[in-house]
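In case you want the letters, here they are:
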Amino acid sequence: MKSLKEKIAVAVLGATGSVGQKFIEMLADHPWFEIRELCASDKSAGKEYQDAVDWFLSSTLPSSVKKIVVKRCEPNLKSKVVFSGLDSSVAGKIETEFAKEGYTVISNSKNHRMDNDVPLLIPEVNPDHLTLIKKQNYGSGCIVTNPNCSVIGLVIALKPLADKFGLEAANVSTMQAISGAGHPRVANLDIEDNVIPLIKGEEDKVETEPLKILGTIKNEILEFENFKISAQCNRVNVSDGHTECVQIKLKRKATKQDLIEAWQNFSSLPQELNLPSAPYKPIHYLNEEKLPQPKYQRSADKGMAVSVGRLREDPLFDFKFVVLSHNTVRGAAGGAILCAELMKAQGII
Ligand code: NAP
């Protein structure tokens, strides 16, 4: 089911931002979805997209969107599926308004992620959580969220280990790219010749979101997974791609080879359904000692695969390793598009 006869009309909220631009790049030639409407703040509304946006991606601005006139983020759009890359200061209220008016909202913002009835979805990890939508009170509308950009890479790497060996504890230090801070040309000024040991609110997300994603639905209620995570999050001078140094303690004994096999054999529903944006293999384990590195691995399988390497035994925990994933692709726009593809394949869209 790689191509549909008629494409589904979609809109992007926050279309001018870092994530919004990635949505546009990734949706420009999508086999199932077609961008019909673009929305942003009052500053951009009323302008043609080519004049409203400061396009900073290395690809060319797709000609199909250049002349689309940017609208305000109001639920009077023709497209019933909306991808949100809105600033979190406004996303919560706007996304609720859209869902109440019958729109399917797939969001990258933090605002609704921890709501009891909102799936915090990684299609390879917790596709069954989509059933939570039935508990929402938005009529024909709904909200589905994409996890935090560091959490997505981390949890994809943890999932096969959690399933096979159980997780007792995890310690994570992140080195996060500039594009994760929003418009990169602005963030560039602070990060030149620097490392910033604070990303406001990020550590809390990394310590809590995985427990929801790895949770289990019992009698229609989501029970969070129960293990401790400690996180330290840093902004580093890298354009795209978050690197994470991870230490884990397992519930059951395993060897290094057991972990590598668990990663290498990991495959899930998006691969089975052959969804258009699904990576062929969600996890690439790299044997080379000095990998993964953002410069070389961030675009693995079009930026949708997570790279893992440097697996070693750890004197404090059981094992340590490095995870790398593309923050605006797998960690934002690409992840959200994969969620929408899964929802389409399951008849929700
Ligand atoms: P960004 O570059 O700052 O873009 C924010 C977008 O929101 C812009 O399109 C902006 O439009 C729009 N906006 C701001 N105020 C608005 C208002 N009052 N009404 C309507 N639209 C408004 O931010 P970003 O990095 O793309 O992040 C977007 C969201 O995704 C955030 O919630 C962020 O936490 C999350 N996220 C980001 C990443 C990443 O790697 N960057 C990854 C995962 C999740 P104007 O240009 O018109 O102001």
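Structure first, text after, so check above.
Residues numbered from 1 in each chain as written. Predicted model: local features only at pLDDT ≥ 70, side-chain atom pairs only at ≥ 80, totals over all residues. Heavy atoms only, no water.

Undergrad: Help me out: how do you make sense of the packing of aromatic side chains in this one?
TA: For any pair of aromatic rings, geometry is given as the distance between the ring centres together with the angle between the planes. Enumeration over the complete set of coordinates arrives at six aromatic pairs. Measuring from ring centre to ring centre gives 6.1 Å for phenylalanine 33 and phenylalanine 83, while their planes differ by 75°; the resulting arrangement is edge-to-face. Pair noted here: phenylalanine 33 is in strand β2 (residues 33-40) and phenylalanine 83 is in strand β4 (residues 81-84), with a separation of 50 residues, a long-range link. In this pair, the class of phenylalanine 33 matches that of phenylalanine 83, namely buried. Seen from their ring centres, phenylalanine 98 and tyrosine 103 are 5.0 Å apart, and the 70° between their planes marks the pair as edge-to-face. For phenylalanine 98, a relative accessible area of 0% corresponds to the buried category. The ring of tyrosine 103 carries the charged tip of lysine 80 above its face, separated from the ring centre by 4.2 Å. (Phe/Tyr/Trp six-rings, centres within 6.5 Å; stacked < 30°, edge-to-face > 60°. Helix = DSSP H or I, 4+ residues; strand = E, 2+ residues; numbered from the N terminus. Buried < 20%, exposed > 50% of the residue type's maximum accessible area, 1.4 Å probe, protein only. Lys NZ or Arg CZ within 6 Å of the ring centre and 35° of its normal.)

Undergrad: Is there a simple way to think about the layout of surface pockets in this case?
TA: Here the idea is plain: a probe the size of a water molecule rolls over the atoms and shows the empty space left. By volume, the largest pocket is sized at about 1200 Å³. What lines the largest pocket is a set of 43 residues, and nearest its centre among them are Gly85, Leu86, Asp87, Ser88 and Gly182. Elements supplying a minimum of two residues to the lining of the largest pocket: α1 (18-27), α4 (88-100), α7 (202-213) and α12 (329-345). Examining the composition of the lining of the largest pocket, we find that three residues originate from one element, α4, more than from any other. Residues belonging to the lining of the largest pocket are distributed by class as follows: 13 nonpolar, 19 polar and eleven charged. Formed jointly, the lining of the largest pocket draws a minimum of three residues from each of two domains, domain 1 (8-148 + 333-345) and domain 2 (149-325). (1 Å grid on protein atoms, 1.4 Å probe; cavity = no way out; pocket = protein on both sides within 12 Å on 5 of 7 lines; lining within 4 Å. Points joined across faces, edges and corners; volume = space filled by probe spheres on them. Nonpolar A, V, L, I, M, F, W, Y, C, P; charged D, E, K, R; others polar. Domains from an automatic or database assignment.)

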